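# Descriptive structure summary
Chain residues, written in single-letter form:
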Amino acid sequence: MTVAVAALTVSACAGTKPRQKLAYEERPVEALYNTGYQRLQSKRWSDAIDYFQEVERQHPYSEWSRRAILMQVYAYYQNNNYQDAIAAADRFIALFPGNPSAAYAFYMRAICNFEQIVDVGRDQGYAEAALVGLRDVARRYPNTAYATDARIKIDMVNDQLAGKEMAVGRFYQRANQPLAALNRYKAVINNEAFQRSSHTPEALYRLVEVNVALGLTEEATRNAAVLGHNYPGSPWYAEAYALLTERGQRPDVQPEAKRESWLQRIIPGGA
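Attention in this report is confined to the structure presented alongside it. Worth saying up front: this structure is predicted, and the values here are computed from it rather than measured. (Residues numbered from 1 in each chain as written. Predicted model: local features only at pLDDT ≥ 70, side-chain atom pairs only at ≥ 80, totals over all residues. Heavy atoms only, no water.)

With that out of the way, let us pick up the overall build of the protein. Across its full length, the protein holds 11 helices and two strands. Reading the helices (α) and strands (β) of the protein from amino to carboxyl end gives β-β-α-α-α-α-α-α-α-α-α-α-α. Burial statistics for the protein: of 271 residues in total, 45% are counted as buried. In the protein, once contacts between residues fewer than 6 apart in sequence are set aside, the share between residues at least 24 apart is 49%. About 14700 Å² of surface is accessible on the protein, with carbon and sulfur atoms providing 50% of the total. (Helix = DSSP H or I, 4+ residues; strand = E, 2+ residues; numbered from the N terminus. Buried < 20%, exposed > 50% of the residue type's maximum accessible area, 1.4 Å probe, protein only. Contact = heavy atoms within 4.5 Å. Areas by Shrake-Rupley, 256 points an atom, 1.4 Å probe, with all protein chains shown as cover.)

Right, dumping it as structure tokens:
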């Protein structure tokens, strides 16, 4: 086969440095793949993608094509093109669902959503998608390094989602909507996955706080007892203990931490 030198097309906006893209020419699959791999090693992510796409387009039923799709996933991810990385991972899964490398595709699909998680003040769609994907990896490939990392990240995502519930609960509490706030705090306490999050002590304290405000002293005392039993050294329990003793209640467990004034400043204009 006669091998032509790669032709290049150039497209760019005025005033910007043009990026050269591959034009279609038939080339040996090894040459395309190896050039793409070299671009990958040089961290020229977009150029690498161009070559791996050519592998897939010109040799769609080859072993090289299968590898090239995975390389596209990686290059897109490194270039922060998360949606394109997810699309490439989905394509690999659809074409090669039983291939051992499908574990990587499932994992990267979840990680791309994980990387796009935003602060708790915004929509948590990416966090929810990441959680679904990470659980899928842990279930499908339980004895792999991908599953080990997925389980760690599952806890991180659950902490994020619990934090979202807390943020909404605080909003309702500041807006003098105590019942709505209670529902959000209870969502953290009652969700088994959220119970292991860093937000559980505060959620229990907020239940004490809101129930005291509603005059539900018995309920507040029960919440404080749970907080004191599980987190006696938490400053949140010191807050709950002080709040109840100021109102004539005396929880059985003495707090191991001092009442921290900074806790009351966590929510501007709040408790």
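For the pair helix H8 (residues 178-190) and helix H9 (residues 200-213), the least separation of the axes is 9 Å and the interaxial angle reads 150°. By the angle between their axes, H8 is roughly antiparallel relative to H9. H9 is crossed by H8, and the crossing has left-handed handedness. Touching Pro-178, Leu-182, Tyr-185, Lys-186, Val-188 and Ile-189 of H8 are Thr-200, Ala-203, Leu-204, Arg-206, Leu-207, Val-210 and Asn-211, all from H9. Each residue belonging to the contact of H8 with H9 can be placed in one class, and the counts come to nine nonpolar, two polar and two charged. (Axes fitted to C-alpha atoms, helices over the stretch in contact; angles between N-to-C directions. Parallel < 35°, antiparallel > 145°, perpendicular 65-115°, else oblique. Left-handed = near helix turned anticlockwise from the far one by under 90°. Nonpolar A, V, L, I, M, F, W, Y, C, P; charged D, E, K, R; others polar.)

In this fold, Leu-204 is placed in helix H9. You can call Leu-204 buried: its relative accessible area is 4%. Put simply, Leu-204 and Tyr-231 are 27 residues apart on the chain and 10.0 Å apart in space, counted from C-alpha to C-alpha. Among residues more than four places away in sequence, those in contact with Leu-204 are Ile-189, Asn-223, Val-226, Leu-227 and Tyr-231.

Right, let's talk about the nonpolar core for a bit. Within the largest apolar cluster, 72 residues are counted, with the highest numbers of intra-cluster contacts made by Leu-40, Phe-52, Tyr-77, Leu-134, Val-157, Val-208 and Ala-240. Among the elements that line this core, the one with the most residues is helix H5 (residues 102-114), at 11 residues. Leaving out residues up to four positions away in the same chain, Val-157 has contacts with Phe-114, Ile-117, Ala-127, Ala-130, Leu-131 and Leu-134. (Core = buried A, V, L, I, M, F, W, Y, C linked by side-chain atoms within 4.5 Å.)

Further remarks concern the packing of helix H2 (residues 45-58) against helix H3 (residues 63-78). As a packed pair, H2 and H3 sit with axes 8 Å apart at the nearest point and diverge in direction by 160°. With respect to H3, the axis of H2 lies roughly antiparallel. The chirality of how H2 crosses H3 is left-handed. Of the residues in H3, those in contact with Trp-45, Ile-49, Phe-52, Gln-53, Val-55 and Glu-56 of H2 are Trp-64, Ser-65, Ala-68, Ile-69, Met-71, Gln-72, Tyr-74, Ala-75, Tyr-76 and Gln-78. Per-class residue counts for the contact of H2 with H3 are 11 nonpolar, four polar and one charged.

What follows covers the pattern of salt bridges. Tallied over the full model, the rule gives 17 salt bridges. Arg-109 serves as the salt-bridge partner of Asp-90, at 2.7 Å between the closest nitrogen and oxygen. With Asp-90 in helix H4 (residues 82-95) and Arg-109 in helix H5, this pair connects stretches of sequence that are 19 residues apart. For Arg-109, a relative accessible area of 25% puts it in the partly exposed group. Where Asp-136 meets Arg-140, a salt bridge forms, and the shortest distance between an N and an O atom there is 3.0 Å. (Salt bridge = Lys/Arg side-chain N within 4 Å of Asp/Glu carboxyl O.)

Summed over all chains, the structure comprises 11 aromatic pairs. Aromatic rings pair up to connect Tyr-33, Phe-52 and Trp-64 into one cluster. Over the aromatic face of Trp-64 sits the side chain of Arg-67, whose NZ or CZ is 5.1 Å from the ring centroid. The lysine or arginine in question, Lys-153, covers the ring of Phe-114, its NZ or CZ lying 5.5 Å from the ring centre. (Phe/Tyr/Trp six-rings, centres within 6.5 Å; stacked < 30°, edge-to-face > 60°. Lys NZ or Arg CZ within 6 Å of the ring centre and 35° of its normal.)

The end-to-end C-alpha distance of H4, which contains 14 residues, comes to 20 Å, matching closely the 20 Å that a straight helix rising 1.5 Å per residue would cover. Looking at H4, one finds that the buried residues are Tyr-82, Ala-85, Ile-86, Ala-88, Ala-89, Phe-92 and Ile-93. Along the axis of H4, the buried residues cluster in a sector spanning 165°; they form a single face. Looking at H4, the residues exposed on the side facing more than 90 degrees away from the buried face are Ala-94 and Leu-95. Packing partners of the buried residues in H4 comprise H3 and H5. (Expected span 1.5 Å × (residues − 1). Arc of directions from axis to C-beta.)

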